[in-house]
Amino acid sequence: VILSSYVSTLILSRTVVIEYINPKFIEITGYSREEVIGKKPDIISSGTARISDSEWRGEFLAKKKNGDPFWEYATISPIRNAQGVITNFIGIHEDVTERRKLEDQLRHSQKLEALGQLVGGIAHDFNNMLTAIIGFAGILQMKMKKDDPLMVNVEQVIEAANRGASLTSSLLVFGRKQAIFPRPLNLNEIIEKVEKLLLRLIGEDIELKTVIADKELNVTVDPLQIEQVLINLATNARDAMSKEGVLTIETSREEIDRKFIKSHGYGEPGEYALISVSDTGAGMDEKTKEKVFDPFFTTKEVGKGTGLGLAIVYGIVKQHNGYITVYSEVGKGTTFKIYLPMTRPGAGEAASVETVKPAASATGTETVLVAEDDAHVMRLSKTLLETFGYTVI
């Protein structure tokens, strides 16, 4: 029998006692020969593996000497003599912990993709309904006298519909169906622009540290959306730190290579601008980290959060062809890392971040052609345009 050095190998007696282990077994489990020879294999296994007169294959959870769990794929076969009598059993064990981790990451990523498509599709249709409700209620409000006793009812309708629209907008972002307006920008300028707002947001008891890269980080992004990402992460960090703590925002240039892709199970090789957002808060356990980007998942008290903040962050990052990772331990804080593709050479110079001013309402007498596939929104568009003097086809 050739005993490979790439897999953990055990030879068991007919009474299922360990008689031999190879060096790989020692390397993986941390046990020495003296500690396992003459012992039952349940010293490392959970008892899931079955030993019988036929070959058994399967995966089970095992534990190392230090108590750390790990997954193994095992093949346990009987060894027979010339007369066909079982004399020993041989177990070939492969550590598949990393493979299972990557499979879990892939499944979670696929789940978020499917959830995003479902939520985005529903939110898109619901948004059309809310647009019609808000629009027609607004026309009604505009044509009513201010002292009309029914005005308060119209205002309540508009307020409730606006809350629904805000929620729907968040779901559209998660589903990546929200319109974005990307342009070449220096990422460092966005961080510097939003810094004052974040200071007011997190309060006086939390210290804000920004570490900006020396060189420009040219990316093609919608600056308002990236600001939204930073605001949501800062709000989350503030809540995690309770009264005191440090929020650190750092930018740098990073490369996604094969090592990164192998470790995370996703990614496209290339140069990326990295935003790291770290806090010194309560941190998260593994179960919480698995659901942290799911819409409506929250660990906050009822009424203190919608559970959409990190779902919005995820949607915005994905819509910019970026990646986001989370590192956290209970009691040791949390770090979110956002990778945004660097603008390729020749793609245009990075523009300065500007504040966009809303345009004034227009009136006119021209004829306008309205093309809209939703009947309610079409009627609203027609009514609004006619209200401002246009002829509508």
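The present account deals with the structure reproduced in this document.

Quick notes on the rules
- Residues numbered from 1 in each chain as written.
- Predicted model: local features only at pLDDT ≥ 70, side-chain atom pairs only at ≥ 80, totals over all residues.
- Heavy atoms only, no water.
- Helix = DSSP H or I, 4+ residues; strand = E, 2+ residues; numbered from the N terminus.
- Buried < 20%, exposed > 50% of the residue type's maximum accessible area, 1.4 Å probe, protein only.
- Contact = heavy atoms within 4.5 Å.
- Areas by Shrake-Rupley, 256 points an atom, 1.4 Å probe, with all protein chains shown as cover.
- Polar contact = N/O pair within 3.5 Å; in protein donor to acceptor, adjacent residues only side chain to side chain.
- Expected span 1.5 Å × (residues − 1).
- Pairing = 2+ DSSP bridges.
- Axes fitted to C-alpha atoms, helices over the stretch in contact; angles between N-to-C directions.

## Observations concerning the overall build of the protein
Part 1: Along the backbone of the protein there are 10 helices and 14 strands.
Part 2: For the protein, the proportion of its 393 residues judged to be buried stands at 38%.
Part 3: Put simply, 64% of the contacts in the protein that link residues at least 6 apart link residues at least 24 apart.
Part 4: For the protein, the exposed area adds up to about 23000 Å²; of that, 53% sits on carbon and sulfur atoms.

## A word on the environment of Glu244
Part 1: Mapping Glu244 onto the fold places it in the loop between helix 6 (223-241) and strand 9 (245-256).
Part 2: A relative accessible area of 63% places Glu244 in the exposed class.
Part 3: Separated by 40 residues in the primary sequence, Glu244 and Glu204 have C-alpha atoms spaced 8.9 Å apart.
Part 4: Every residue in contact with Glu244, bar those within four places of it in the chain, is listed here: Asp205 and Ile206.

## Some points on the side chain of Thr343
Part 1: Turning to its location among the elements, Thr343 is positioned in the loop between strand 12 (334-341) and strand 13 (367-368).
Part 2: Polar side-chain contacts of Thr343 include one of 3.2 Å to the side chain of Thr220.

## Observations regarding the environment of Thr235
Part 1: With respect to the element layout, Thr235 can be found in helix 6.
Part 2: A C-alpha to C-alpha distance of 6.8 Å links Thr235 and Ile202, two positions 33 residues apart in sequence.
Part 3: At 2.8 Å, the side chain of Thr235 and the backbone oxygen of Ile231 are in polar contact.

## A short note on helix 6
Part 1: Taking 1.5 Å per residue as the helical rise, helix 6 with its 19 residues ought to reach 27 Å, and the 27 Å between its terminal C-alpha atoms agrees with that figure.
Part 2: Within helix 6, burial applies to Pro223, Gln225, Ile226, Glu227, Val229, Leu230, Asn232, Leu233, Ala234, Thr235, Ala237 and Met241.
Part 3: Measuring from the backbone nitrogen of Leu224 back to the side-chain oxygen at the start of helix 6 gives 3.0 Å, which picks out Asp222 as the cap.
Part 4: Two residues or fewer past helix 6, Ser242 is found with a positive phi of approximately 60 degrees.

## Structural notes on the sheet that holds strand 2 (residues 18-21)
Part 1: Spatially, the five strands line up as an open sheet ordered 2-1-5-4-3, and their pairing is antiparallel. With partners counted over all chains shown, the strands left at the sheet margins are strand 2 and strand 3 (56-63), one partner each. Put simply, the sheet's adjacent strands are angled 30 degrees from each other on average, direction ignored.
Part 2: Sheet topology note: the strand 3/strand 4 (residues 69-80) ladder contains eight bridges and is antiparallel. Counterpart to Leu61 in the pairing with strand 4 is Trp71.

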